[in-house]
Amino acid sequence: MKKLLYLIPCLMFALTSCEMFEFDNFDGHDAKVHGAFIDKATGEPVQMEFYATVSSSWWGTTTTPAAAIMRVTETGWDSESVQSWYVKYTGKYQNDLVWAGDYKLDYSKMNVYNESGVTFSLKKGDNEVNFQVTPYCRIKDEVITYDAATKKFKATFKVELGDASKPNNGVNVMFSANTNNFVGSNFNLCNADAGAKKTNVTPGETITLYLDADPAGVNKNEFEYNRPHYLRIGAVVTSTENPNNLYNYSPVYVATPA
């Protein structure tokens, strides 16, 4: 009798649990989106800052380069949560796993002035959505050369404020290098080179920075071996409107000391 009583609940579970193995009836992602963050003044994509994302596991911690983050919220739901979409360092982005609908966006983790009320809509299929933005500053008229006699890279450039009417506490600049194209203030193997930095520069004036490429010099970790090097000029506007102290950049240049 005990076996029979045990068997009856098992049969009931088997009959009623068939629904547990059915596929759900929710539609998958039905839209894709790509685009760029365009400087309102120049019409060019804004070169972005890098972040270092750190993840932990049984094997230890892993540091992964990641570019700027656009904070996106799909609207029209009872519960709305912020999504983090990564932006490439070139100022372009792409997300192939989204849904058609209405969205809002803020730039609080990007190197541009934040704006309220930015919205966009996606239709089913492929979408191109570009955003007109104002960077904190711009690198202008940059020229990078190499002097074989001194074994130094030389960068000359100017800094232009993105919006001169905004308050700021000064502009600092940096000439950085790395062994791959993830190069910037967070990925700079020449951070100890005093000649590659300046503080409180004057916007509009020509600035010169030097990067020591001597294999036995201060940047030995970067230039010890003869290989291509990725170089980038950055400038940061120190301001309450730039709470994350994010740099604005020139494009990435590739060079090999000759």
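Keep in mind the model is a prediction, meaning the values are calculated, not measured.

**Description of the overall build of the protein**
Across its full length, the protein holds 2 helices and 18 strands. Per-residue burial over the protein gives 38% buried out of 258 residues. In the protein, 63% of the contacts between residues at least 6 apart in sequence involve partners at least 24 apart. Just so you have it, the protein exposes about 15100 Å², and 53% of that area is on carbon and sulfur atoms.

**Details of the layout of surface pockets**
Considering only enclosed or pocket space, the largest pocket measures out at about 300 Å³ in volume. If you trace the largest pocket, you find 17 residues lining it, with Thr42, Pro45, Gln47, Ile139 and Tyr249 closest to the centre. Contributing elements (two or more residues each) for the lining of the largest pocket: strand E11 (137–147) and strand E17 (248–249). The element best represented in the lining of the largest pocket is E11, accounting for 6 residues. Partitioning the lining of the largest pocket into residue classes produces 7 nonpolar, 4 polar and 6 charged.

**Focus on unusual backbone geometry**
The phi torsion of most residues other than glycine is negative, and most of the peptide bonds are trans. Phi at Asp141 is positive, roughly 55 degrees, even though this residue is not glycine. With phi around 55 degrees, Lys151 is a residue other than glycine that occupies positive phi space. For Lys151, the location among the structural elements is in the loop between E11 and strand E12 (152–161).

**So, the nonpolar core**
By size, the foremost hydrophobic cluster in this structure holds 26 residues, and its most contacted members are Phe153, Phe157, Val159, Val173, Phe175 and Leu211. Considering each element in turn, this core owes the most residues, 5 residues, to E12. Beyond its immediate sequence surroundings of up to four residues, Phe157 is in contact with Ile139, Lys140, Asp141, Glu142, Val173, Glu205, Thr206, Ile207, Leu209 and Ile233. Val33, Leu105, Val112 and Val133 belong to the second-largest nonpolar core, a separate cluster that totals 23 residues.

**Here's the deal with the confidence of the model for the protein**
When the pLDDT values of the protein are averaged, the result is 88; 85% of them are 70 or greater. Across residues 1–8, where pLDDT falls below 50, the model places 0 contacts with residues more than four positions away in sequence or in other chains. Between residues 11–15, whose pLDDT stays under 50, and residues either more than four places distant or in other chains, the model counts 1 contact.

**Points about the pattern of salt bridges**
All chains considered together, the criterion is met by 6 salt bridges. Where Asp106 meets Arg71, a salt bridge forms, and the shortest distance between an N and an O atom there is 3.6 Å. Separated by 35 residues along the polypeptide, Asp106 in strand E7 (residues 101–106) and Arg71 in strand E4 (residues 69–74) bring together distant segments of the chain. Using a relative accessible area of 23% as the deciding quantity, one classes Asp106 as partly exposed. Here Glu80 makes a salt bridge to Lys104, at a shortest N to O gap of 4.0 Å. Taken together, the residues span a long stretch of sequence, with Glu80 in the loop between E4 and strand E5 (82–86) and Lys104 in strand E7 at a distance of 24 residues. Beyond isolated ion pairs, a larger network of salt bridges with shared partners links Asp39, Arg138 and Glu160.

Rules used in this analysis
- Residues numbered from 1 in each chain as written.
- Predicted model: local features only at pLDDT ≥ 70, side-chain atom pairs only at ≥ 80, totals over all residues.
- Heavy atoms only, no water.
- Helix = DSSP H or I, 4+ residues; strand = E, 2+ residues; numbered from the N terminus.
- Buried < 20%, exposed > 50% of the residue type's maximum accessible area, 1.4 Å probe, protein only.
- Contact = heavy atoms within 4.5 Å.
- Areas by Shrake-Rupley, 256 points an atom, 1.4 Å probe, with all protein chains shown as cover.
- 1 Å grid on protein atoms, 1.4 Å probe; cavity = no way out; pocket = protein on both sides within 12 Å on 5 of 7 lines; lining within 4 Å.
- Points joined across faces, edges and corners; volume = space filled by probe spheres on them.
- Nonpolar A, V, L, I, M, F, W, Y, C, P; charged D, E, K, R; others polar.
- Core = buried A, V, L, I, M, F, W, Y, C linked by side-chain atoms within 4.5 Å.
- pLDDT = per-residue confidence, 0-100.
- Salt bridge = Lys/Arg side-chain N within 4 Å of Asp/Glu carboxyl O.

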